[in-house]
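# Geometric and topological summary
The residues making up each chain are set out below.
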Amino acid sequence: MIEFHLDSRSGVPPYQQIVQQTRRALRLGLLVAGDQLPTVKDAAAHLAINPNTVLKAYRELEHAGLVAARPGVGTFVTGTLSGDSLSAHAPLRRDLRRWLDKARRAGLDEQSIEDLFQDTFRLMNAEGVA
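To start, this report covers the structure provided alongside it. Everything quoted here is computed from the prediction, not taken from an experiment.

## Describing the overall build of the protein chain
- Looking only at helices and strands, one finds five helices and two strands in the protein chain.
- Shown N-terminal to C-terminal, the secondary structure of the protein chain runs as helices and strands in the order α-α-α-β-β-α-α.
- Seen through its principal axes, the protein chain has C-alpha atoms that stretch 50 × 35 × 25 Å.
- Total accessible area on the protein chain stands at roughly 9,000 Å², and carbon and sulfur atoms take up 54% of it.
- Distance from the positive charge centre (16 side chains) to the negative charge centre (15 side chains) of the protein chain: 3 Å.

## As for the side chain of Thr75
- For Thr75, the position within the fold is in strand E2 (residues 74-77).
- Judged by its relative accessible area of 10%, Thr75 falls in the buried class.
- With sequence-adjacent residues up to four places away left out, Thr75 is seen in contact with Asp35, Gln36, Leu37, Tyr58, Val67, Ala68 and Ala69.

## Concerning the packing of helix H1 (residues 14-27) against helix H3 (residues 51-63)
- Two numbers describe how H1 lies on H3: the axes approach to 8 Å, and their chain directions differ by 45 degrees. In terms of orientation, H1 and H3 fall into the oblique class. Here H1 and H3 pass one another in a crossing that is right-handed. Side by side, H1 and H3 meet where Pro14, Tyr15, Gln16, Ile18, Val19, Thr22 and Arg23 of the first sit next to Thr53, Val54, Lys56, Ala57, Tyr58, Glu60 and Leu61 of the second.
- Each residue belonging to the contact of H1 with H3 can be placed in one class, and the counts come to eight nonpolar, three polar and three charged.

## Examining helix H5 (residues 110-127)
- Here H5 contains 18 residues, and its C-alpha end-to-end distance of 26 Å stays within 8% of the 26 Å for a straight helix at 1.5 Å per residue.
- Following H5 by one or two positions, Gly128 has its phi on the positive side, about 80 degrees.

## Digging into the packing of aromatic side chains
- Scanning the model with the defined rule gives one aromatic pair in all.
- On the basis of an interplanar angle of 15 degrees and a centroid distance of 6.0 Å, the ring pair of Phe117 and Phe121 is categorised as stacked. Of this pair, Phe117 and Phe121 both sit in helix H5, four residues apart, roughly one helical turn.
- Using a relative accessible area of 45% as the deciding quantity, one classes Phe121 as partly exposed.
- For the cation-ring pair, Lys56 lies above Tyr15, with the distance from its terminal atom to the ring centre recorded as 4.2 Å.

Conventions we followed
- Residues numbered from 1 in each chain as written.
- Predicted model: local features only at pLDDT ≥ 70, side-chain atom pairs only at ≥ 80, totals over all residues.
- Heavy atoms only, no water.
- Helix = DSSP H or I, 4+ residues; strand = E, 2+ residues; numbered from the N terminus.
- Areas by Shrake-Rupley, 256 points an atom, 1.4 Å probe, with all protein chains shown as cover.
- Lys, Arg positive; Asp, Glu negative; His and termini not counted.
- Charge placed at Lys NZ, Arg CZ, Asp CG, Glu CD.
- Buried < 20%, exposed > 50% of the residue type's maximum accessible area, 1.4 Å probe, protein only.
- Contact = heavy atoms within 4.5 Å.
- Axes fitted to C-alpha atoms, helices over the stretch in contact; angles between N-to-C directions.
- Parallel < 35°, antiparallel > 145°, perpendicular 65-115°, else oblique.
- Left-handed = near helix turned anticlockwise from the far one by under 90°.
- Nonpolar A, V, L, I, M, F, W, Y, C, P; charged D, E, K, R; others polar.
- Expected span 1.5 Å × (residues − 1).
- Phe/Tyr/Trp six-rings, centres within 6.5 Å; stacked < 30°, edge-to-face > 60°.
- Lys NZ or Arg CZ within 6 Å of the ring centre and 35° of its normal.

Below is the structure:
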């Protein structure tokens, strides 16, 4: 089961962080059809937020066709975002882990690594490189 985490410094509303984390888990195959999301009550208690915030996130996911609420039972994954690319994840993850290890040995901290990745990703998109 997914465990949500909030970053109060991100500037992203809490409900949107829940949506983003769920979508990320679906893309990576960490959540699949039939998996249950944390109950609204449990997620709200864990995150120390209003249950309506969790409900808002779950409603957005439901509207997107990714989850379905079953009254009295819970909210379950009904869709996926991983597609056929899931089989490519393992070798790419190994390559990325090697790259991250190299970046850390070069003295980059977590934020510097993230900034470098984001900047390079943006540049590639701007250049039209797939």
